Amino acid sequence: MQTKRTALITGASSGLGVEYAKLFAADQHDVVLVARSEDKLRALAAELEQQGVRAHVYPADLSRAEAPRELFDALTRDGIRVDVLVNNAGLGYVSTFHASELRSELEMVQVNVTALTALTHLFLPGMVQQRYGRVLNIASTAAFQAGPGMSVYFATKAYVVSFSEGIAHELRGTGVTVTAHCPGATHTGFAAVAGAGDTLLFKGAVASADATARHGYLALRRGRTLSIHGLLNRLLYWGGLLTPRWLLTRITARMMK
Ligand SMILES: NC(=O)c1ccc[n+]([C@@H]2O[C@H](COP(=O)([O-])OP(=O)(O)OC[C@H]3O[C@@H](n4cnc5c(N)ncnc54)[C@H](OP(=O)(O)O)[C@@H]3O)[C@@H](O)[C@H]2O)c1
């Protein structure tokens, strides 16, 4: 019998996902931890269970098209109801598009966009039926302009914001909220995986994973639709709305050098 609310967190083996799992466990939610690195998930689960919550480990490779359905079916079979879905798993890839590996670009789209969409579609009906649910989609400040040198990544995050805002509106009055959280550059495994560590973006002010996740967590608790972490990032967002898109693209291209 499930007595506590349960939060499913994708990408819970590293960076922001670990922080989200800790925040939900500290708030007495059971957690479902998803990523490919099973050993890291098991170590985190053992740590979180010391707080009196249940931490379930479901290893999954979300770049496989079947993975979201398999995960949903496994949880249904095991009788685990998901009240909060945190679509956090994601990756970037620095390269000019024409010189990039198509396989890597498409894998990124699969994880950042397709799996996030599929998981949301699978878990939302149960939330609407019980008239309670929270979805936290991790986007990025990359969502608000084109990103030469990382064009596909920036486009995936624009999708996440647009998709989240659209369904958040559809779900008004249902008891289910959807939040798109937009971190700026943050200390996690992201820059190393993306090959972005030497860019100007990651040489500037880089936030801690703990502070970034906490901001997204509060936005989810408040049912905010869009949350942008950091005063500077919010100023850049507002400034960007008044800036011609061609100029924004040029400025971003410099940041990606
Ligand atoms: N760090 C930043 O500067 C920054 C800024 C804006 C937005 N974000 C976004 O924040 C989210 C979290 O990233 P992070 O910064 O915490 O980076 P991270 O430390 O590299 O963590 C990424 C997580 O995604 C998981 N993941 C990657 N590919 C996967 C796959 N095929 N299947 C399942 N899980 C997969 C990884 O787990 P496994 O490798 O174990 O599978 C890992 O747990 C991402 O959506 C990212 O785009 C990050």
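The present account deals with the structure reproduced in this document. (Residues numbered from 1 in each chain as written. Predicted model: local features only at pLDDT ≥ 70, side-chain atom pairs only at ≥ 80, totals over all residues. Heavy atoms only, no water.)

Close to the ligand lie 30 residues; S14, R36, S37, Y153 and T188 are nearest. L16 places a main-chain nitrogen or oxygen 2.8 Å from an oxygen atom of the ligand. Residue T186 places a main-chain N or O atom 2.8 Å away from an oxygen atom belonging to the ligand. Against a free-state accessible area of 880 Å², the protein chains account for coverage of 94% of the ligand. Those elements giving two or more residues to the shell around the ligand turn out to be helix 1 (15-26) and helix 5 (151-170). (Near = heavy atom within 4 Å. Polar contact = N/O pair within 3.5 Å; in protein donor to acceptor, adjacent residues only side chain to side chain. Areas by Shrake-Rupley, 256 points an atom, 1.4 Å probe, with all protein chains shown as cover. Helix = DSSP H or I, 4+ residues; strand = E, 2+ residues; numbered from the N terminus.)

Below, the discussion takes up helix 2 (residues 38-49). The end-to-end C-alpha separation of helix 2 is 16 Å, in line with the 16 Å expected for 12 residues at 1.5 Å each. All buried positions along helix 2 are accounted for by L41, L44, A45 and L48. Angularly, the buried residues of helix 2 cover 105° about the axis, an arc narrow enough to put them on a single face. The inward-facing, buried residues of helix 2 abut helix 1, strand 2 (30-35) and strand 3 (55-59). (Expected span 1.5 Å × (residues − 1). Buried < 20%, exposed > 50% of the residue type's maximum accessible area, 1.4 Å probe, protein only. Arc of directions from axis to C-beta. Contact = heavy atoms within 4.5 Å.)

Looking now at the packing of helix 4 (residues 102-129) against helix 5. It is at 9 Å that the axes of helix 4 and helix 5 come closest, and there the two elements cross at 15°. By the angle class used here, helix 4 and helix 5 are roughly parallel. In the crossing of helix 4 with helix 5, the sense of the turn from one axis to the other is right-handed. Contacts from E105, M108, V109, N112, V113, L116, T117, T120 and L124 of helix 4 reach helix 5 at V152, Y153, T156, K157, Y159, V160, F163 and I167. Each residue belonging to the contact of helix 4 with helix 5 can be placed in one class, and the counts come to 11 nonpolar, 4 polar and 2 charged. (Axes fitted to C-alpha atoms, helices over the stretch in contact; angles between N-to-C directions. Parallel < 35°, antiparallel > 145°, perpendicular 65-115°, else oblique. Left-handed = near helix turned anticlockwise from the far one by under 90°. Nonpolar A, V, L, I, M, F, W, Y, C, P; charged D, E, K, R; others polar.)

Under the criterion given, the structure shown has 1 cavity of 30 Å³ or more. Quantified by volume, the largest cavity comes out at close to 30 Å³. Among the elements that take part in the lining of the largest cavity, helix 4 stands out by supplying 4 residues, more than any other. Classifying every residue of the lining of the largest cavity by side-chain character gives 6 nonpolar, 2 polar and no charged. (1 Å grid on protein atoms, 1.4 Å probe; cavity = no way out; pocket = protein on both sides within 12 Å on 5 of 7 lines; lining within 4 Å. Points joined across faces, edges and corners; volume = space filled by probe spheres on them.)

A negative phi angle is the norm for most residues apart from glycine, just as the trans form is the norm for most peptide bonds. A positive phi angle is found at Q28, which is not glycine, with a value near 60°. With a phi angle near 55°, R131 is a residue other than glycine that sits in the positive phi range. If you trace the backbone, R131 turns up in the loop between helix 4 and strand 5 (133-138).

With 6 of 6 residues buried, strand 5 lies mostly within the body of the structure. In this sheet, strand 5 lies alongside strand 4 (residues 84-87) in parallel orientation, the contact comprising 4 bridges. If you follow N87 over to strand 5, its bridge partner there is N137. Judged from the 6 bridges that link them, strand 5 and strand 6 (residues 176-182) form a sheet pairing that is parallel. (Pairing = 2+ DSSP bridges.)

To continue, consider the environment of S227. As for its position among the elements, S227 is in strand 9 (residues 226-228). S227 sits in the buried class, given a relative accessible area of 4%. As for S227 and R250, which are separated by 23 residues in sequence, their C-alpha atoms are 25 Å apart. With residues near it in sequence (within four places) discarded, S227 still touches A180, H181, C182, H215, G216 and A219.

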